[in-house]
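Examining the three-dimensional arrangement
So you can see what is in the structure, the chains are spelled out below.
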Amino acid sequence: MMRKPLLLATMLLVCVFVTAQLTQQTTSYNGNTIGFYEFKPADFATKPTSYKHPVIISLHGVAERGDGTTGPGGQLTRVLDAGIPLKLNQGATMQFTWQGNQESFIVLAPQMSTTYGVWQEFYIDAMIAYAATINNSGNLKADMNRIFLTGFSLGGGGCWKYATSSATAAQKIAGIVPAAPSGDGTDFCVIAANKVATWAFHSIDDPTIPISLTQTAVNSINACSPDVPARGTYYTDGSHAIWNSRVYDTSNFWHYPNIYQWMLKVSRSLNPA
(Lines give C-alpha, C1' and ligand atoms only; values in the text may rest on other atoms or scores of the structure.)
Protein backbone atom coordinates (compact mmCIF):
# COMPACT_ATOMS: atom_id res chain seq x y z
CA MET A 1 0.00 0.00 0.00
CA MET A 2 2.88 2.40 0.76
CA ARG A 3 5.05 1.60 -2.24
CA LYS A 4 3.47 3.95 -4.79
CA PRO A 5 3.53 7.09 -2.60
CA LEU A 6 7.10 6.25 -1.61
CA LEU A 7 8.10 5.79 -5.24
CA LEU A 8 6.39 9.05 -6.21
CA ALA A 9 8.13 10.92 -3.41
CA THR A 10 11.47 9.46 -4.47
CA MET A 11 10.89 10.48 -8.10
CA LEU A 12 10.00 14.04 -7.05
CA LEU A 13 13.10 14.21 -4.88
CA VAL A 14 15.30 13.05 -7.75
CA CYS A 15 13.76 15.66 -10.06
CA VAL A 16 14.59 18.39 -7.57
CA PHE A 17 18.16 17.18 -7.17
CA VAL A 18 19.04 16.71 -10.83
CA THR A 19 17.71 20.03 -12.16
CA ALA A 20 20.28 22.69 -12.92
CA GLN A 21 19.29 26.23 -12.06
CA LEU A 22 19.80 29.40 -14.12
CA THR A 23 18.35 32.28 -12.14
CA GLN A 24 18.33 36.07 -12.13
CA GLN A 25 19.98 37.63 -9.09
CA THR A 26 21.03 41.00 -7.73
CA THR A 27 23.76 41.89 -5.26
CA SER A 28 25.09 45.08 -3.73
CA TYR A 29 28.78 45.86 -3.64
CA ASN A 30 30.38 49.09 -2.43
CA GLY A 31 27.20 51.03 -3.14
CA ASN A 32 26.63 49.44 -6.55
CA THR A 33 23.62 47.27 -7.33
CA ILE A 34 24.54 44.58 -9.85
CA GLY A 35 22.17 42.33 -11.74
CA PHE A 36 23.54 38.97 -12.82
CA TYR A 37 22.70 35.42 -13.80
CA GLU A 38 23.63 32.60 -11.47
CA PHE A 39 23.93 29.01 -12.66
CA LYS A 40 24.09 26.16 -10.18
CA PRO A 41 24.71 22.74 -11.75
CA ALA A 42 22.44 19.77 -11.18
CA ASP A 43 24.78 18.18 -8.65
CA PHE A 44 25.16 21.33 -6.56
CA ALA A 45 22.99 20.01 -3.73
CA THR A 46 24.11 16.39 -3.91
CA LYS A 47 27.89 16.66 -3.82
CA PRO A 48 29.58 15.73 -0.52
CA THR A 49 29.91 18.61 1.91
CA SER A 50 33.67 18.55 1.39
CA TYR A 51 33.35 19.20 -2.35
CA LYS A 52 33.60 22.73 -3.73
CA HIS A 53 32.65 23.69 -7.28
CA PRO A 54 34.95 25.68 -9.56
CA VAL A 55 33.44 29.04 -10.54
CA ILE A 56 33.34 30.80 -13.91
CA ILE A 57 32.67 34.54 -14.05
CA SER A 58 31.47 35.41 -17.56
CA LEU A 59 31.84 38.93 -18.99
CA HIS A 60 29.68 39.89 -21.97
CA GLY A 61 30.38 42.14 -24.93
CA VAL A 62 29.28 45.68 -25.69
CA ALA A 63 25.90 44.71 -27.15
CA GLU A 64 24.80 42.93 -23.97
CA ARG A 65 25.19 45.90 -21.63
CA GLY A 66 22.06 47.03 -19.80
CA ASP A 67 20.42 48.23 -16.61
CA GLY A 68 20.83 44.94 -14.74
CA THR A 69 17.20 44.84 -13.72
CA THR A 70 15.11 41.70 -13.57
CA GLY A 71 11.54 43.00 -13.57
CA PRO A 72 9.21 43.72 -16.51
CA GLY A 73 11.14 45.64 -19.14
CA GLY A 74 14.43 44.83 -17.44
CA GLN A 75 17.47 44.43 -19.62
CA LEU A 76 19.30 41.65 -17.77
CA THR A 77 18.05 39.09 -20.30
CA ARG A 78 20.44 40.58 -22.87
CA VAL A 79 23.20 38.68 -21.09
CA LEU A 80 21.66 35.45 -22.42
CA ASP A 81 22.25 36.48 -26.03
CA ALA A 82 25.85 35.26 -26.30
CA GLY A 83 28.73 33.44 -24.68
CA ILE A 84 28.44 30.94 -21.84
CA PRO A 85 25.06 32.35 -20.71
CA LEU A 86 23.67 31.52 -24.15
CA LYS A 87 25.00 27.97 -23.79
CA LEU A 88 23.36 27.70 -20.37
CA ASN A 89 20.05 28.98 -21.70
CA GLN A 90 20.27 26.31 -24.40
CA GLY A 91 20.73 23.57 -21.81
CA ALA A 92 24.47 23.24 -21.19
CA THR A 93 25.06 21.24 -18.01
CA MET A 94 28.56 22.62 -17.29
CA GLN A 95 29.63 19.12 -16.31
CA PHE A 96 32.95 17.94 -17.72
CA THR A 97 35.36 15.07 -17.32
CA TRP A 98 39.12 15.38 -17.22
CA GLN A 99 41.50 12.53 -16.47
CA GLY A 100 38.65 10.40 -15.15
CA ASN A 101 37.27 13.04 -12.77
CA GLN A 102 33.85 14.53 -13.47
CA GLU A 103 33.18 18.03 -12.13
CA SER A 104 30.70 20.82 -12.76
CA PHE A 105 30.91 24.60 -12.68
CA ILE A 106 29.00 27.36 -10.98
CA VAL A 107 28.62 30.29 -13.42
CA LEU A 108 28.08 33.96 -12.52
CA ALA A 109 27.35 36.39 -15.35
CA PRO A 110 26.98 40.07 -14.38
CA GLN A 111 25.55 42.78 -16.61
CA MET A 112 27.56 45.98 -17.01
CA SER A 113 25.78 49.30 -17.26
CA THR A 114 25.78 51.27 -20.52
CA THR A 115 27.35 54.03 -18.41
CA TYR A 116 30.68 52.30 -18.89
CA GLY A 117 32.69 51.73 -22.05
CA VAL A 118 35.05 49.20 -20.45
CA TRP A 119 34.51 46.64 -17.72
CA GLN A 120 34.97 48.01 -14.21
CA GLU A 121 36.81 45.91 -11.62
CA PHE A 122 34.01 46.19 -9.06
CA TYR A 123 31.78 43.93 -11.16
CA ILE A 124 34.27 41.08 -10.88
CA ASP A 125 35.02 41.78 -7.23
CA ALA A 126 31.28 41.68 -6.52
CA MET A 127 30.95 38.26 -8.18
CA ILE A 128 33.94 36.91 -6.24
CA ALA A 129 32.44 38.20 -3.00
CA TYR A 130 29.11 36.62 -3.93
CA ALA A 131 30.79 33.29 -4.72
CA ALA A 132 32.14 33.22 -1.20
CA THR A 133 28.57 33.29 0.15
CA ILE A 134 27.16 30.48 -2.01
CA ASN A 135 26.17 27.66 0.29
CA ASN A 136 23.90 24.68 0.71
CA SER A 137 22.60 24.21 4.24
CA GLY A 138 25.59 26.14 5.51
CA ASN A 139 28.17 24.11 3.58
CA LEU A 140 30.31 26.21 1.26
CA LYS A 141 30.11 25.00 -2.33
CA ALA A 142 32.32 27.45 -4.23
CA ASP A 143 36.05 26.79 -4.51
CA MET A 144 37.73 30.14 -4.00
CA ASN A 145 41.00 28.66 -5.32
CA ARG A 146 39.34 27.87 -8.64
CA ILE A 147 37.70 31.08 -9.86
CA PHE A 148 38.03 31.68 -13.59
CA LEU A 149 37.36 34.85 -15.54
CA THR A 150 36.33 34.71 -19.18
CA GLY A 151 34.75 37.11 -21.62
CA PHE A 152 34.40 37.92 -25.29
CA SER A 153 35.19 41.09 -27.21
CA LEU A 154 34.70 43.89 -24.65
CA GLY A 155 34.41 41.17 -22.00
CA GLY A 156 37.70 39.69 -23.13
CA GLY A 157 39.26 43.09 -22.61
CA GLY A 158 37.68 43.02 -19.16
CA CYS A 159 39.66 39.86 -18.42
CA TRP A 160 42.92 41.60 -19.33
CA LYS A 161 41.94 44.73 -17.45
CA TYR A 162 41.10 42.94 -14.20
CA ALA A 163 43.99 40.48 -14.21
CA THR A 164 46.55 43.22 -14.88
CA SER A 165 45.07 45.83 -12.54
CA SER A 166 46.89 44.73 -9.37
CA ALA A 167 48.48 41.79 -7.62
CA THR A 168 45.53 41.78 -5.22
CA ALA A 169 43.08 41.29 -8.08
CA ALA A 170 45.21 38.73 -9.91
CA GLN A 171 45.54 36.60 -6.79
CA LYS A 172 41.77 36.24 -6.57
CA ILE A 173 41.54 34.28 -9.82
CA ALA A 174 43.07 31.03 -11.00
CA GLY A 175 42.88 31.66 -14.73
CA ILE A 176 41.51 33.78 -17.56
CA VAL A 177 40.13 32.96 -21.01
CA PRO A 178 39.78 36.13 -23.16
CA ALA A 179 38.05 35.57 -26.53
CA ALA A 180 38.68 38.11 -29.32
CA PRO A 181 39.49 40.59 -26.56
CA SER A 182 39.78 44.33 -26.75
CA GLY A 183 43.12 45.71 -25.61
CA ASP A 184 42.25 46.89 -22.12
CA GLY A 185 45.19 45.40 -20.19
CA THR A 186 47.93 47.42 -18.53
CA ASP A 187 50.88 45.64 -16.91
CA PHE A 188 50.87 42.06 -18.21
CA CYS A 189 53.74 41.09 -15.93
CA VAL A 190 51.15 41.17 -13.11
CA ILE A 191 49.58 38.07 -14.68
CA ALA A 192 52.91 36.27 -14.86
CA ALA A 193 54.06 37.25 -11.39
CA ASN A 194 50.82 36.14 -9.75
CA LYS A 195 50.46 32.81 -11.55
CA VAL A 196 47.23 33.48 -13.42
CA ALA A 197 46.85 30.69 -15.99
CA THR A 198 46.02 32.22 -19.38
CA TRP A 199 44.50 30.89 -22.60
CA ALA A 200 43.55 33.58 -25.12
CA PHE A 201 41.74 33.23 -28.46
CA HIS A 202 41.57 35.37 -31.58
CA SER A 203 40.97 35.02 -35.30
CA ILE A 204 43.52 36.19 -37.84
CA ASP A 205 40.77 37.65 -40.02
CA ASP A 206 39.06 39.59 -37.19
CA PRO A 207 37.93 42.89 -38.78
CA THR A 208 36.77 44.42 -35.48
CA ILE A 209 39.65 43.97 -33.05
CA PRO A 210 43.10 43.30 -34.53
CA ILE A 211 44.71 40.02 -33.56
CA SER A 212 47.92 41.90 -32.79
CA LEU A 213 46.39 43.07 -29.49
CA THR A 214 46.02 39.50 -28.27
CA GLN A 215 49.39 38.43 -29.62
CA THR A 216 51.05 41.37 -27.87
CA ALA A 217 49.30 40.51 -24.59
CA VAL A 218 50.29 36.84 -24.71
CA ASN A 219 53.86 37.68 -25.71
CA SER A 220 54.09 40.29 -22.95
CA ILE A 221 53.05 37.75 -20.31
CA ASN A 222 55.58 35.25 -21.59
CA ALA A 223 58.32 37.88 -21.66
CA CYS A 224 57.88 38.13 -17.89
CA SER A 225 58.96 34.50 -17.32
CA PRO A 226 55.72 33.00 -15.95
CA ASP A 227 55.87 29.59 -14.27
CA VAL A 228 53.73 28.31 -17.14
CA PRO A 229 53.60 30.26 -20.43
CA ALA A 230 50.40 31.97 -21.52
CA ARG A 231 48.73 30.17 -24.41
CA GLY A 232 47.34 31.83 -27.52
CA THR A 233 45.10 30.04 -30.02
CA TYR A 234 44.80 31.89 -33.33
CA TYR A 235 42.22 30.69 -35.83
CA THR A 236 42.88 31.18 -39.53
CA ASP A 237 39.26 32.25 -39.98
CA GLY A 238 36.13 32.92 -37.97
CA SER A 239 36.00 36.72 -38.10
CA HIS A 240 35.26 38.46 -34.79
CA ALA A 241 32.46 36.41 -33.24
CA ILE A 242 34.43 33.25 -32.49
CA TRP A 243 33.01 32.75 -29.01
CA ASN A 244 29.64 30.98 -29.39
CA SER A 245 30.65 28.36 -31.95
CA ARG A 246 34.32 27.85 -31.05
CA VAL A 247 35.77 29.15 -27.80
CA TYR A 248 32.78 28.23 -25.62
CA ASP A 249 31.97 24.99 -27.43
CA THR A 250 31.26 22.40 -24.74
CA SER A 251 32.39 19.49 -26.91
CA ASN A 252 35.90 18.59 -28.05
CA PHE A 253 35.25 19.45 -31.69
CA TRP A 254 37.55 22.49 -31.67
CA HIS A 255 39.88 21.79 -28.79
CA TYR A 256 41.12 18.97 -26.61
CA PRO A 257 41.06 19.76 -23.84
CA ASN A 258 38.30 22.33 -24.25
CA ILE A 259 38.48 25.43 -22.07
CA TYR A 260 36.38 23.84 -19.32
CA GLN A 261 38.57 20.74 -19.11
CA TRP A 262 41.59 23.03 -19.14
CA MET A 263 40.14 24.91 -16.17
CA LEU A 264 39.77 21.65 -14.26
CA LYS A 265 43.57 21.32 -14.39
CA VAL A 266 44.07 24.67 -12.66
CA SER A 267 43.91 25.79 -9.04
CA ARG A 268 45.63 28.52 -7.08
CA SER A 269 46.39 25.87 -4.45
CA LEU A 270 48.45 23.98 -7.06
CA ASN A 271 50.76 24.91 -9.90
CA PRO A 272 48.93 26.55 -12.80
CA ALA A 273 48.01 24.50 -15.86
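Description of the structure in this document. Going along each chain's sequence as written, the residues are numbered from 1 onward. Where local features are concerned, this predicted model is filtered to residues with pLDDT of at least 70; where side-chain atom pairs are given and counted, the filter is 80 or more; whole-chain, interface and lining totals use all residues. Hydrogens and waters are ignored; side-chain quantities use all the structure's heavy atoms.

Attention now goes to empty space enclosed by the protein. Buriedness of a pocket was judged along seven lines, with at least five required to meet protein on both sides within 12 Å; pockets are open sets of points on a 1 Å grid over the protein atoms alone, cavities are sets where a 1.4 Å probe fits but cannot get out, and lining residues have an atom within 4 Å of a point. Grid points are joined across faces, edges and corners, and a volume is the space filled by probe spheres set on the points. Under the defined criterion, the tally for this structure stands at one cavity of 30 Å³ or more. Approximately 80 Å³ is the volume attributed to the largest cavity. Lining the largest cavity are 13 residues, and of these Lys195, Val196, Ala197, Pro226 and Val228 lie nearest its centre. Helix and strand assignments come from DSSP, with helices taken as H or I runs of at least 4 residues and strands as E runs of at least 2, each series counted from the N terminus. When contributions to the lining of the largest cavity are tallied by element, the ones reaching two or more residues are α6 (189–193) and β11 (197–203). Here the residues of the lining of the largest cavity sort into ten nonpolar, one polar and two charged. Basically, the charged four are Asp, Glu, Lys and Arg, the nonpolar ten are Ala, Val, Leu, Ile, Met, Phe, Trp, Tyr, Cys and Pro, and anything else, Gly included, counts as polar.

We now examine the side chain of Ser153. By the element assignment, Ser153 lies in the loop between β9 (142–152) and α4 (154–165). Filtering out sequence-adjacent residues up to four positions away, Ser153 remains in contact with Ala179, Ala180, Pro181, Ser182, Ile209, His240 and Trp243. Only heavy atoms enter the contact rule, under which two residues are in contact if any of them lie within 4.5 Å.

Now for α4. The span you would expect from a helix comes to 1.5 Å times its residue count less one. For α4, which comprises twelve residues, the first-to-last C-alpha distance of 16 Å matches the rise-based estimate of 16 Å (1.5 Å per residue) to within 8%. Accessibility here uses a 1.4 Å probe with only protein chains present; expressed as a share of the type maximum, an area under 20% marks a residue as buried, one over 50% as exposed, and anything in between as partly exposed. Here α4 lies mainly inside the structure; eleven of its twelve residues are buried. Along α4, the positions that sit buried rather than exposed are Leu154, Gly155, Gly156, Gly157, Gly158, Cys159, Trp160, Lys161, Tyr162, Ala163 and Thr164.

Here the focus is the state of the cysteines. Disulfides are defined as cysteine sulfur pairs within 2.5 Å. What the rule picks out here adds up to one disulfide. Paired by a disulfide, Cys189 and Cys224 hold their sulfur atoms 1.7 Å apart. Handedness of the Cys189-Cys224 disulfide follows from its S-S torsion of about -55°: it is left-handed. One end of the pair, Cys189, is in helix α6; the other, Cys224, is in the loop between α7 (211–222) and β12 (231–235), with 35 residues separating them in the sequence. Residue Cys189 is classed as partly exposed on the basis of its relative accessible area, which comes to 34%. Given the relative accessible area of 22%, Cys224 is considered partly exposed. The thiol of Cys159 is unpaired, and the distance to the nearest cysteine sulfur, on Cys224, comes to 18 Å.

A word on the packing of aromatic side chains. Here is the rule: rings of Phe, Tyr and Trp (six-membered ring for Trp) pair when centre to centre is within 6.5 Å. Planes less than 30 degrees apart are stacked, more than 60 are edge-to-face, and the remainder are tilted. As enumerated under the stated definition, the model contains 16 aromatic pairs in all. For the pair Trp98 and Tyr256, a centre-to-centre distance of 5.6 Å together with 50° between the ring planes defines the contact as tilted. Here the residue Trp98 occupies a position in strand β4 (residues 95–98), and Tyr256 occupies one in the loop between α8 (243–247) and α9 (259–263), the gap between them amounting to 158 residues. Judged by its relative accessible area of 13%, Trp98 falls in the buried class. Three or more aromatic residues link up through ring pairs in this structure, and these residues are Trp199, Phe201, Tyr235, Phe253, Trp254 and Trp262. Charge-over-ring contacts are defined here by two conditions on Lys NZ or Arg CZ: a distance within 6 Å of the ring centre and an angle within 35 degrees of the ring normal. For the cation-ring pair, Arg246 lies above Tyr235, with the distance from its terminal atom to the ring centre recorded as 5.0 Å.

So, on to helix α3 (residues 121–131). Taking burial as the measure, the eleven residues of α3 include nine buried ones, the bulk of the element. Where α3 is concerned, the buried positions are Phe122, Tyr123, Ile124, Asp125, Ala126, Met127, Ile128, Tyr130 and Ala131. For α3, the secondary structure elements touched by its buried residues are β1 (21–29), β2 (32–40), β3 (53–59), β6 (106–110), β9 and α4.

With that settled, the discussion passes to the sheet that holds β9. Two modes of strand pairing occur in sheets, parallel and antiparallel, and in both the strands are linked by backbone hydrogen bonds. Strands are labelled as partners when DSSP assigns at least two bridges between them. One open sheet holds the eight strands; their spatial order is β1-β2-β6-β3-β9-β10-β11-β12, and the pairing between them is mixed. On the outer flanks of this sheet lie β1 and β12, each paired with one strand and no other. Mean inter-strand twist for the sheet, computed between neighbouring axes without regard to direction, equals 20°. For every element, the axis is a line fit to its C-alpha atoms; helices are fit only across the contacting stretch, and the angle between N-to-C directions ranges from 0 to 180 degrees. Against the sheet, α3 touches β1, β2, β3, β6 and β9, its axis set at about 50° to β2. Contacts from α7 reach β11 and β12 within the one sheet, and its direction differs from that of β11 by about 160°.

Quick look at the environment of Pro110 now. Along the chain, Pro110 falls in strand β6. The buried category is assigned to Pro110, whose relative accessible area is 0%. Sequence-wise, Pro110 and Ala126 are 16 residues apart; in three dimensions their C-alpha atoms are separated by 9.1 Å. Residues contacting Pro110, with those up to four places away along its chain left out, are Ile34, Gly35, Phe36, Ile57, Ser58, Leu59, His60, Val79, Trp119, Tyr123 and Met127.

So, on to unusual backbone geometry. For the peptide bond that leads from Tyr256 to Pro257, omega is 0°, which places it in the cis range. Checked against the element boundaries, Pro257 lands in the loop between α8 and α9. Look at Met94: it is not a glycine, yet its phi comes out positive at around 60°. Here Met94 is to be found in the loop between α2 (83–89) and β4.

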